[in-house]
Amino acid sequence: GINAEYGGCCFVKRIKPGSVAERSGHIHVGDQICKLAEVSLIGSRHYAVAAKLREVAIGSMLNLVLVEPKQGFDSNLCPRRAPAMPSKTSTDSLQDGKATVRIKSDGTVQEAVSCSWLEAAKLKVDDLLESYMGIRDLELACTLLETSDDITTKEDFAKDIDEQLGEFGFPEDFIESVWGVIEEERKAAADTN
């Protein structure tokens, strides 16, 4: 019932309505997820945290350590003036918040190329994650799609997913559905070009 987001630490991004997490009343959007069953999750990627949460057996007791965000402003804050609409030039892509920046292990920074088919596919893969695994995770959806770069067959895609994200144990029909989205969106993009 919890979706996580990563920003150096893992935070509760969304709580599924009607879930045990919502009914407990102790878990709130914005809480930092620090520990699960005495295992520190600080510094863990959101999909690793999601995998750990999925490992918890249904009906078993869950010991989760959360840190509530600092509640510094109780009033509604709004900008002093309406912000200017960001321009959509490539030089401003980082400023409009819609670009993805990858920081590699060697410290180099690379702006990921945005493809229109990837944006549409990302939303569809996120829907598949929700229907197959009960999570919404746009970053994991993006990771699944990025795995398809230079891949032309479903078999190679399944092999790469198993090598890179095997800890998720994605079902075969989920991988087939994701590959179907990739093929469909690639074809649609090619047809419009």
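Residues numbered from 1 in each chain as written. Predicted model: local features only at pLDDT ≥ 70, side-chain atom pairs only at ≥ 80, totals over all residues. Heavy atoms only, no water.

Student: Explain the overall build of the protein to me, please; I cannot follow it from the model alone.
Tutor: Each helix and strand counted, the protein has six helices and seven strands in total. Listed by position from the N terminus, the elements making up the protein come as β-β-α-β-β-α-β-β-β-α-α-α-α. Going through the 193 residues of the protein one by one, you find that 31% of them count as buried. Partitioning the intrachain contacts of the protein with sequence separation of at least 6 by distance along the chain shows that 47% fall at a separation of at least 24. Of the accessible surface of the protein, which amounts to about 12800 Å², a share of 53% is contributed by carbon and sulfur atoms. (Helix = DSSP H or I, 4+ residues; strand = E, 2+ residues; numbered from the N terminus. Buried < 20%, exposed > 50% of the residue type's maximum accessible area, 1.4 Å probe, protein only. Contact = heavy atoms within 4.5 Å. Areas by Shrake-Rupley, 256 points an atom, 1.4 Å probe, with all protein chains shown as cover.)

Student: Would you mind showing me how to read the nonpolar core here?
Tutor: Soluble, globular proteins show a tendency: their nonpolar side chains are buried together. One finds Leu 129, Leu 140, Leu 144, Phe 157, Phe 170 and Phe 174 to be the most contacted residues of the largest nonpolar core, which totals 26 residues. Every element with two or more residues in this core is listed here: helix H3 (116-133), helix H4 (138-146), helix H5 (154-165) and helix H6 (172-192). The contact partners of Leu 140, leaving out residues within four places of it in the chain, are His 46, Tyr 47, Leu 129, Ile 135, Leu 165, Phe 168 and Phe 170. Counting 10 residues, the second-largest nonpolar core is a separate cluster that includes Cys 10, Ile 27, Leu 36 and Val 49. (Core = buried A, V, L, I, M, F, W, Y, C linked by side-chain atoms within 4.5 Å.)

Student: Mind showing me how you'd approach the pattern of salt bridges here?
Tutor: Pairing is possible between side chains that carry opposite charge, provided their charged atoms lie close to one another. Overall, the coordinates contain nine salt bridges when judged by the stated rule. One salt bridge in this structure joins Asp 126 and Arg 136, with 2.9 Å as the shortest N-O distance. Of the two residues, Asp 126 is situated in helix H3 and Arg 136 in the loop between H3 and H4; the sequence distance between them amounts to 10 residues. A salt bridge links Glu 130 to Arg 136; the nearest nitrogen and oxygen atoms lie 3.9 Å apart. (Salt bridge = Lys/Arg side-chain N within 4 Å of Asp/Glu carboxyl O.)

Student: Mind showing me how you'd approach the side chain of Asp 126 here?
Tutor: The buried category is assigned to Asp 126, whose relative accessible area is 7%. Within the local environment of Asp 126, its side chain forms a polar contact with the backbone nitrogen of Asp 137, the two atoms lying 2.6 Å apart. If sequence neighbours within four positions are ignored, Asp 126 has contacts with Ile 135, Arg 136, Asp 137, Leu 138 and Ala 141. (Polar contact = N/O pair within 3.5 Å; in protein donor to acceptor, adjacent residues only side chain to side chain.)

Student: Whenever I open this one, the confidence of the model for the protein confuses me. Can you help?
Tutor: Should the pLDDT be low somewhere, the predicted coordinates at that spot are not to be read in detail. Predicted confidence across the protein gives a mean pLDDT of 74, with 70% of residues reaching 70 or more. Across residues 71-99, confidence stays below pLDDT 50; counting only partners more than four residues off in sequence or on other chains, it has 12 contacts. (pLDDT = per-residue confidence, 0-100.)

Student: How should I be thinking about the packing of H4 against H5 in this particular structure?
Tutor: Relative placement of two packed helices is described by the angle separating their axes and the distance separating the axes. Two numbers describe how H4 lies on H5: the axes approach to 10 Å, and their chain directions differ by 130 degrees. Considering the angle they form, H4 stands oblique to H5. Contacts between H4 and H5 involve Leu 140, Thr 143 and Leu 144 from the former and Phe 157, Ile 161 and Leu 165 from the latter. A class-by-class count of the residues in the contact of H4 with H5 yields five nonpolar, one polar and no charged. (Axes fitted to C-alpha atoms, helices over the stretch in contact; angles between N-to-C directions. Parallel < 35°, antiparallel > 145°, perpendicular 65-115°, else oblique. Nonpolar A, V, L, I, M, F, W, Y, C, P; charged D, E, K, R; others polar.)

Student: For this particular structure, what's the right way to read the packing of H5 against H6?
Tutor: At a minimum axis separation of 10 Å, H5 and H6 run at an interaxial angle of 120 degrees. On the basis of their axis angle, the class for H5 and H6 is oblique. Of the two elements, H5 crosses H6, and the hand of that crossing is right-handed. Residues Lys 154, Phe 157, Ala 158 and Ile 161 of H5 pack against Ile 175, Glu 176, Val 178, Trp 179 and Ile 182 of H6. Of the residues assigned to the contact of H5 with H6, the class counts are seven nonpolar, no polar and two charged. (Left-handed = near helix turned anticlockwise from the far one by under 90°.)

Student: I'm lost on the packing of aromatic side chains in this one. Help?
Tutor: Given two aromatic rings, one states the distance between the centres and the angle between the planes to describe the pair. The final tally for this structure, using the stated rule, is three aromatic pairs. Ring plane angle 70 degrees and centroid distance 5.3 Å describe the contact between Tyr 132 and Phe 174, whose orientation is recorded as edge-to-face. Note that Tyr 132 is positioned in helix H3 and Phe 174 in helix H6, a separation of 42 residues in sequence. A connected cluster of aromatic rings, assembled from ring pairs, spans Tyr 132, Phe 170 and Phe 174. (Phe/Tyr/Trp six-rings, centres within 6.5 Å; stacked < 30°, edge-to-face > 60°.)

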